[in-house]
Amino acid sequence: MVLFSVDSFNVEKAIRYNERESRKVYFDLPSDCGRDYKAEKWTGLTEEPQMRCISVCYDHSFNFLVRSLQKGYGTAKVLLIGNSYGYRTFPVLHKLFAGRYAEFRLFTKSCESFSFRGTKTSNLSARMFLNKDPLDSQFDYAKLARRVIRHSKPDLIFVIEKDMEAAQNKPFDGVIEDDPIFNFTQARVRFLSDHAGSVVIDDQYFKPHLTDGVAATIADRLKREKTKPDDFEDLRIDSEVYLEEFKYGRRRLTALKGDNVIKNRVEDQICLEESCYFFNQKNLHAYYGDLALHQTTEMLKKLKPGYKRIIKHFLKERKRQ
């Protein structure tokens, strides 16, 4: 049951928030994250520059690059790969690291089409690493990501991407090691594990099936003076229903192996004991924004503690080395 009451939040503020999030596509990257010329040289990819950048440890007072003298701080190379879900998460991770790295590289790709080396892709283009993308024959994002990984030699890789469940959640019988979808993903994870000190994989993003998106739906209902809890009771899924709907995908992702692989179960951080709500019940801020149902700032606030724990543990281990 929805817990909010109309007296507990500002209706006009909730409308503005949800309308803004429903339209958000690109945003300004952190000011210290500039154009990644090295990655462009390694891959030849210059299109859609909003999705890529590199931030380095920089001392503005002396105007030169610095590395921390304390071992384990300011020495790590961090890389974030994935699709537009990874891009949305980058500012949160960047802020949590607070400059405690040698470099932090963002190398992501959305589904937008473009011309790559003179060849026009179709209406959509590949943007996944852990799954075989049906558009890899036109533009193989994973191939370019592997080049960046080999050249940059990261100490920590974040893999944050959505639309994995399209293949990951297909039914299968028998031993999981005989499943071709699992084996494909396991091979990709093995590559990451072999080429990085640590690998963090966001396991699963539940994606609500709403034609107009969650944020726009909430804004529209509020503007029509629908403010009672029952007016939003449909914007959730029972946890048991969710677990059943995605049981095959969860089984495959759970079975992935890697001694240095950390699985970040993002859906567990959003779902309550009995339900997975699509919005914050205290202020009616949607967790899912545009029509592609990207994470909103409200969802990222919800996921921030989990990322914080991962980064804190990583830096602590680096300091011990």
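All values reported here derive from a predicted model rather than from experimental measurement. Along each chain, residue indices are assigned from 1 in the same order as the chain's sequence is written. Totals for whole chains, interfaces and linings use all residues, but because this is a predicted model, local features are given only for residues with pLDDT of at least 70 and pairs of side-chain atoms are given and counted only at 80 or more. Hydrogens and water molecules were not included; the side-chain quantities draw on all heavy atoms of the structure.

### Comments concerning the side chain of His285
Where we set the bar: Secondary structure elements are defined from DSSP: runs of H or I of at least 4 residues count as helices, runs of E of at least 2 residues count as strands, and each element is numbered from the N terminus. Buried means the residue's accessible area, taken with a 1.4 Å probe over protein chains only, is under 20% of the maximum for its type, while exposed means over 50%, and partly exposed covers the values in between. Within 3.5 Å is the distance limit for a polar contact, defined as a pair of N or O atoms, with the added protein rule that one can donate a hydrogen and the other accept it, and that residues adjacent in sequence qualify only through two side-chain atoms.
As for its position among the elements, His285 is in the loop between strand 13 (275-277) and helix 11 (297-320). Of the residues examined, His285 reaches a relative accessible area of 10% and is grouped as buried. Within polar-contact distance, the side chain of His285 engages the side chain of Glu298 at 3.0 Å.

### Digging into a positive patch on the surface
To keep things clear, this is the line we draw: For patch detection, residues must exceed 30% relative accessible area and be free of salt bridges, and they are connected within 9 Å for like charges or within 5 Å for nonpolar side chains (Val, Leu, Ile, Met, Phe, Trp, Tyr). Only the protein chains shown count as cover for residues, with accessible areas throughout obtained via the Shrake-Rupley method and a probe of 1.4 Å. Salt bridge, as applied in this entry: a Lys or Arg side-chain nitrogen positioned within 4 Å of an Asp or Glu carboxyl oxygen. For the charge count, each Lys or Arg is scored as positive and each Asp or Glu as negative, with His and the chain ends excluded. Charge placement uses NZ in Lys and CZ in Arg. For Asp and Glu, CG and CD serve respectively.
Residues Lys13, Arg16, Arg20, Arg23 and Lys301 make up a contiguous surface patch of positive charge. By residue number, the principal contributor to the positive patch is helix 1 (residues 11-23), which donates 4 residues. For Lys301, the location among the structural elements is in helix 11.

### A look at the pairing of strand 6 (residues 103-108)
Cut-off, in case you're wondering: In this analysis, strands are considered paired if DSSP registers two or more bridges between them.
Of all 6 residues making up strand 6, 6 are buried, and the element is well covered by its neighbours. Burial along strand 6 is two-sided: Glu103, Arg105 and Phe107 facing one way and Phe104, Leu106 and Thr108 facing the other are all buried. Alignment of strand 2 (residues 52-56) against strand 6, held across 5 bridges, turns out to be antiparallel. Among the inter-strand pairings, Arg52 is bridged to a residue of strand 6, identified as Phe107. Strand direction decides the pairing type here: strand 5 (residues 77-82) and strand 6, joined by 6 bridges, are parallel. When the bridges of strand 6 are listed, Lys77 appears paired with Glu103.

### Let's talk about the sheet that holds strand 1 (residues 33-34)
Pairing within the open sheet is mixed, and its 7 strands lie in the order 1-2-6-5-9-10-12. Looking along the sheet, the strands with just one partner apiece sit at the ends: strand 1 and strand 12 (261-264).

### Details of the environment of Asp220
Within the secondary structure, Asp220 is located in helix 7 (residues 214-223). Measuring from C-alpha to C-alpha, the distance between Asp220 and Glu19 comes to 8.7 Å, with 201 residues separating the pair along the chain.

### Re the nonpolar core
Note the following rule: Buried residues of nine kinds, namely Ala, Val, Leu, Ile, Met, Phe, Trp, Tyr and Cys, make up a nonpolar core once their side-chain atoms join them within 4.5 Å. We call two residues contacting when some pair of their heavy atoms lies within 4.5 Å.
Core analysis: the largest hydrophobic core is formed by 54 residues, its most contacted members being Phe97, Phe158 and Ile218. Here this core gets 8 residues from one element, more than from any other, and that element is helix 11. The residues touching Phe97, leaving out its near neighbours within four places in the chain, are Val78, Phe104, Leu156, Phe158, Ile311, Phe314 and Leu315. Formed by 30 residues, the second largest nonpolar core is a distinct cluster that contains Leu79, Ile149, Ala196 and Ile201.

### With respect to the confidence of the model for the protein chain
Short version of the rule: Values of pLDDT, which run from 0 to 100, indicate the predictor's confidence residue by residue.
Looking at the protein chain as a whole, its pLDDT mean stands at 85, while 84% of the residues score no less than 70. For residues 120-126, every residue scores under 50 in pLDDT, and the model assigns this stretch 29 contacts once sequence neighbours within four places are set aside.

### Quick look at unusual backbone geometry
The backbone of Lys153 sits at a positive phi, close to 50 degrees, despite the residue not being glycine. Topologically, Lys153 is positioned in the loop between helix 4 (141-152) and strand 9 (156-160). With phi around 60 degrees, Leu293 is a residue other than glycine that occupies positive phi space. The residue Leu293 is located in the loop between strand 13 and helix 11 in this model.

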